[in-house]
There are 2 protein chains.
Amino acid sequence: MLHRVRSAVAHLVSSGGAPPPRPKSPDLPSARSAPSAAPPEAPRSPPARAGSGSGSAAPAKTAEARASFSRPTFLQLSPGGLRRADDHAGRAVQSPPDTGRRLPWSTGYAEVINAGKSRHNEDQACCEVVYVEGRRSVSGAPREPSRGQGLCFYYWGLFDGHAGGGAAEMASKLLHRHIQEQLKDLVEILQDPSPPPLCLPSTPGAPGSSDSSHLVGPQSCWSSQKEVTHESLVVGAIENAFQFMDEQMAKERRGHQAEGGCCALVVVYLLGKVYVANAGDSRAIIVRNGEIIPMSQEFTPETERQRLQLLGFLKPELLGGEFTHLEFPRRIQPKELGQRMLYRDQNMTGWAYKKIELEDLRFPLVCGEGKKARVMATIGVTRGLGDHNLKVCSSTLPIKPFLSCFPEVRVYDLTQYEHCPDDVLVLGTDGLWDVTSDCEVAATVDRVLSAYEPNDPSRYTALAQALVLGARGTPRDRGWRLPNNKLGSGDDISVFVIPLGGPGSYS
Amino acid sequence: MLHRVRSAVAHLVSSGGAPPPRPKSPDLPSARSAPSAAPPEAPRSPPARAGSGSGSAAPAKTAEARASFSRPTFLQLSPGGLRRADDHAGRAVQSPPDTGRRLPWSTGYAEVINAGKSRHNEDQACCEVVYVEGRRSVSGAPREPSRGQGLCFYYWGLFDGHAGGGAAEMASKLLHRHIQEQLKDLVEILQDPSPPPLCLPSTPGAPGSSDSSHLVGPQSCWSSQKEVTHESLVVGAIENAFQFMDEQMAKERRGHQAEGGCCALVVVYLLGKVYVANAGDSRAIIVRNGEIIPMSQEFTPETERQRLQLLGFLKPELLGGEFTHLEFPRRIQPKELGQRMLYRDQNMTGWAYKKIELEDLRFPLVCGEGKKARVMATIGVTRGLGDHNLKVCSSTLPIKPFLSCFPEVRVYDLTQYEHCPDDVLVLGTDGLWDVTSDCEVAATVDRVLSAYEPNDPSRYTALAQALVLGARGTPRDRGWRLPNNKLGSGDDISVFVIPLGGPGSYS
């Protein structure tokens with residue numbers, strides 16, 4: 001992520017306030033000994049044609065790997081390949097090898113390192129098939145081992161790191177495990193067509209605590225109970241998994257396991273539906289029969305201005321007397337005191353004039369525009385994982401309270417449309433989208449896929465490579481330039497192309 | 001507004017915390033002596049064909065009128081007419097008389113009283129042409145009287161009161177005056193095609209304080225200054241006018257000038273653009289060539305759940321130990337302590353299970369669904385004016401901090417489309433929309449307008465009447481019933497129909 005955190009001011013220290021305590025999730029995955037995501041038994045649905053995932057991490061080596069440079073294991077890079085992937089001068093595009101096991105669904109992937117803005121590629125990626133075994137039956141009775149009660153989900157994740165690669169690497173190795181953990185309680189519920197129970201017994205076997213009498217609401221201002229869908233349980237599981245992942249980073253930051261922070265864009269395919277969860281400025285779009293369907297929105301100081309200002313207004317102590325929650329269209333000079341300046345507060349979308357007072361001379365909580373927009377003059381994204389040690393320059397003021405780890409989750413029902421092999425879900429870090437519009441991506445999808453046979457599984461990797469190359473450009477005139485002579489992206493660029501009806505898909 | 005505030009719990013007392021102090025707006029309109037909105041001189045643009053507004057209030061009588069029942073003055077009701085308008089049994093539809101001056105733009109209007117839910121009709125309406133004289137020139141130099149520097153805006157407002165009619169009546173008499181006040185500083189700026197100045201002198205004639213040197217930002221993390229549009233200044237003026245109106249109600253509540261609260265839906269037409277500002281659950285749609293263009297969204301405990309929960313989470317003292325910011329799908333019973341219940345917090349859109357703890361037994365800040373959704377078990381709308389005295393039942397806990405007076409403002413550029421006489425902007429209080437869909441309104445627009453000549457100015461009043469009648473129904477089977485035998489709306493119903501290309505419009 002190029003310049004997302006101002007290098008001059010983003011300094012990592014080991015202190016900082018801990019987040020509020022939350023109920024512990026049992027069997028929390030550990031960064032040091034992440035268990036394999038491979039299914040312990042054959043998944044029931046969908047069929048595990050893709051095996052246990054071609055990108056399974058080497059969990060025992062996580063702690064050592066974190067200390068050095070690493071790339072996604074599914075790239076199967078040799079030591080020489082790893083050096084080439086780390087070469088800022090050549091910027092060779094990396095993809096999984098043609099030989100060997102393909103990614104699930106014949107997913108295409110390509111990446112390239114930045115042009116020198118950070119020592120290593122701070123993007124990370126993950127692609128897995130994850131099996132979820134139920135923790136216990138809903139009724140509290142012991143699970144019958146003969147029933148294939150497990151659930152399987154397909155998972156893709158892009159993690160765009162900043163201020164260090166630790167958070168992105170940790171998230172790429174563990175976020176799907178947190179999702180797995182959150183889904184354990186839901187294994188039976190999600191496979192039962194009846195509405196989810198609103199209340200569950202506290203412990204397995206607690207007599208009668210989940211019978212239907214609990215589903216009848218008491219007489220109160222609630223004349224009825226809310227309907228909760230299976231889909232909303234999966235959304236809640238993903239949301240909480242992001243939060244638990246962020247809390248784990250907070251706990252392990254003192255051991256420098258999770259330096260920096262990262263944007264996270266993940267896709268979960270479960271029981272016919274695609275869940276796209278985004279926290280940061282990566283982007284996902286579906287290109288279907290040439291039509292573009294946005295599957296995420298970006299979270300930046302501009303798009304989240306009012307949320308940030310409201311927090312600063314309600315909790316002025318978070319501003320440390322250094323910042324004002326008001327927004328101004330430019331920096332105010334001390335000599336302008338008493339004049340009237342345009343401003344916006346947390347409630348306004350329009351602008352109005354206000355008399356400049358002494359406290360308006362403080363630096364604004366949110367300032368700048370576009371890619372230069374910043375929170376507290378420091379960070380250019382407002383959602384993501386990590387950043388627990390991030391401070392304002394020359395200050396002990398933590399920035400984290402203004403950053404949210406919660407993703408926006410959008411759901412796409414794969415069963416509602418008959419997809420063809422050219423229909424794809426494209427995930428990219430901002431390195432792609434900074435220089436490529438949605439329409440340009442759709443045009444590339446059409447151009448590249450039409451050059452391959454529909455049943456050629458390598459076409460999606462070719463597409464991912466074309467997208468990365470198109471955003472990187474070629475070295476010319478002392479820079480990486482696109483065919484139109486504009487500058488290409490000097491950022492890390494990572495792209496997944498997930499076929500929605502292709503030869504390797506779920507169908 | 002039917003049952004919007006639970007009558008058993010909505011009680012008005014004279015105490016309560018004052019809002020934070022704000023800079024005073026000069027020449028703040030007074031509820032007791034609201035000056036006339038009529039232009040002191042002929043407006044320059046657009047031509048004042050509609051005169052000074054056919055609905056100008058009798059400002060000197062405001063205070064007395066507030067103590068008794070009143071209807072919009074543009075209805076020109078006689079004492080007998082006023083009694084008929086106040087008759088819950090007959091529920092006669094009221095419109096401005098055919099004789100006499102028409103509303104600006106030949107606007108159609110109709111209203112009907114509720115079926116008995118409150119003593120009087122708590123909806124109020126206003127339709128005005130308002131002239132704005134500049135407060136001073138931008139440069140600080142005295143204004144040249146020879147230049148026609150004034151601005152004229154057209155204004156329509158619907159105010160749906162609850163817990164008393166005072167707030168709605170006060171808003172109907174004064175909100176446009178607050179907008180006028182906010183626009184005074186902008187008169188020259190809005191008529192100057194160059195970008196608005198970011199900084200203005202503190203006082204007229206202050207030397208050099210608004211020269212272009214101020215437009216150059218200092219070297220800082222802001223490499224550039226933000227562009228501010230004329231449109232966003234009008235939006236900011238309307239937003240601030242709502243806030244000043246709400247503050248005036250807070251100040252005058254002790255004198256019982258502004259009992260209760262009200263939703264506010266207002267339209268401002270200024271310099272070619274229509275600004276629709278909504279705070280509450282009224283609704284505006286444009287019907288253009290049969291197509292429906294939504295011009296507002298409703299603000300209810302359901303649509304604003306996360307904002308309310310965030311405020312309760314960040315400021316738990318506002319919950320007074322009586323409420324929890326968490327949402328549950330039904331009321332929890334004490335015997336369920338220790339079990340696991342579905343919940344959502346301020347960050348979640350999905351649901352997850354949590355172990356029920358003692359504090360989860362508190363009443364939820366937000367509960368119920370649809371029209372029964374409530375904040376603190378009391379109020380069913382989350383934006384509007386007033387409500388400064390509203391307390392939780394059997395408690396001194398104020399609800400106001402959770403209610404916002406800020407509208408959402410949408411802008412529609414009238415010059416971007418050639419409108420025909422059948423293109424209309426329809427405003428309605430929830431009495432209309434509770435029983436009428438957008439599509440049904442569009443069908444009625446088509447049916448009624450096609451029965452009249454395009455240049456017949458009475459067609460818009462006929463349409464407003466048809467919409468009100470269609471939502472009220474006819475008395476049958478011990479109730480007001482629609483043709484499909486479903487219950488009609490028992491609420492107050494008020495409708496404006498504003499022609500966008502009709503015979504009386506701006507063109």
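The residue count restarts for each chain, going from 1 along the sequence in the order it is written. Just so you know, chain letters begin at A and ligand numbers begin at 1, following the order they were written in. In keeping with the model being predicted, local features are shown solely for residues with a pLDDT of at least 70 and side-chain atom pairs are shown and tallied solely at 80 or more, while totals for entire chains, interfaces and linings include all residues. Values shown for side chains rest on all heavy atoms present in the structure; no hydrogens or waters enter the calculation.

Visitor: Can you walk me through the interface of chain A and chain B in this structure?
Guide: Many analyses report the size of an interface as the accessible area lost when the parts associate. Here, two residues are considered to be in contact whenever any of their heavy atoms come within 4.5 Å of each other. Taken together, the contact between chain A and chain B spans 68 residues of the former and 68 residues of the latter. As used here, buried area is the combined drop in accessible area, with a 1.4 Å probe, of two parts when they are placed together. When chain A packs against chain B, the two sides together hide about 6100 Å² of surface, and 58% of this comes from carbon and sulfur. Residues adjacent in sequence count toward polar contacts only when both atoms are side-chain atoms; beyond that, a polar contact is any pair of N or O atoms within 3.5 Å, and within protein one must be able to donate a hydrogen and the other to accept it. Scanning the region where chain A abuts chain B turns up 26 residue pairs in polar contact (both at pLDDT 80 or more). For the side of chain A that touches chain B, the secondary structure elements donating two or more residues are strand S4 (199–200), helix H5 (230–252), helix H6 (305–314), strand S10 (340–343), strand S11 (352–355) and strand S12 (363–364) of chain A. Only DSSP runs of H or I reaching four residues or more are called helices, and only runs of E reaching two or more are called strands; each is numbered from the N terminus. In terms of residue count, the dominant contributor to the side of chain A that touches chain B is H5(A) (seven residues). Any residue that is not Ala, Val, Leu, Ile, Met, Phe, Trp, Tyr, Cys, Pro, Asp, Glu, Lys or Arg is counted as polar, Gly included; the first ten are nonpolar and the last four charged. Class assignment of the residues belonging to the side of chain A that touches chain B gives a composition of 35 nonpolar, 18 polar and 15 charged.

Visitor: Explain the packing of aromatic side chains to me, please; I cannot follow it from the model alone.
Guide: Both the distance between ring centres and the angle between the ring planes are used here to describe each pair of aromatic rings. Residue and element names in this part refer to chain A. Side-chain rings of Phe, Tyr and Trp (the six-membered ring for Trp) are treated as a pair once their centres are within 6.5 Å; stacked means planes under 30 degrees apart, edge-to-face means over 60, and tilted covers the remaining angles. In this structure the tally under the stated criterion is 20 aromatic pairs over all chains. For the pair Tyr-109 and Phe-496, a centre-to-centre distance of 5.0 Å together with 55 degrees between the ring planes defines the contact as tilted. Pair noted here: Tyr-109 is in strand S1 (residues 108–112) and Phe-496 is in strand S20 (residues 493–499), with a separation of 387 residues, a long-range link. Phe-496 shares its class with Tyr-109; the two are buried. A cation over a ring is seen here: Arg-383 above Phe-299, with NZ or CZ 4.1 Å from the ring centre. Three labels apply to residues, based on accessible area from a 1.4 Å probe with only protein chains included: buried if under 20% of the type maximum, exposed if over 50%, partly exposed otherwise in between. Two conditions define a charge sitting above a ring: the NZ of Lys or the CZ of Arg must be within 6 Å of the ring centre, and it must be within 35 degrees of the ring normal.

Visitor: Help me out: how do you make sense of the sheet that holds strand S4 (residues 199–200) of chain B in this one?
Guide: Strand pairs in the sheet, formed through backbone hydrogen bonds, run parallel or antiparallel to each other. The rule for pairing is simple: two strands pair if DSSP sees at least two bridges between them. The three strands are arranged S11(A)-S10(A)-S4(B) in an open sheet whose pairing can be described as antiparallel. Each edge of the sheet is formed by a strand with only one pairing partner; in this case those strands are S11 of chain A together with S4 of chain B. As defined by bridge partners, S10(A) adjoins S4(B) across two bridges and the pair is classed as antiparallel. Looking at the pairing, Arg340(A) lines up with Leu200(B) of S4(B).

Visitor: Is there a simple way to explain the sheet that holds strand S11 (residues 352–355) of chain B in this structure?
Guide: With respect to topology, three strands assemble into an open sheet ordered S4(A)-S10(B)-S11(B), the strand pairing being antiparallel. Of all the strands in the sheet, the pair left with one neighbour each is S4 of chain A together with S11 of chain B.

Visitor: In this structure, what is going on with the relation of the copies chain A and chain B? I would like to understand it.
Guide: Superposing the two chain copies requires a rotation about an axis and a translation along that axis. Here the copies were fitted onto each other by least squares, based on C-alpha atoms from residues at pLDDT of at least 70 in both. Turning chain A through 180 degrees and shifting it by 0.0 Å along the axis lays it on chain B, with an RMSD of 0.0 Å. The transformation relating the two chain copies, once decomposed into turn and shift, fits a two-fold axis. When each C-alpha of chain A is compared by its distance to the rotation axis, Leu314(A) comes out closest, at 3.7 Å. Here 100% of the interface residues in chain A have copies in chain B that are interface residues too; the copies meet face to matching face.

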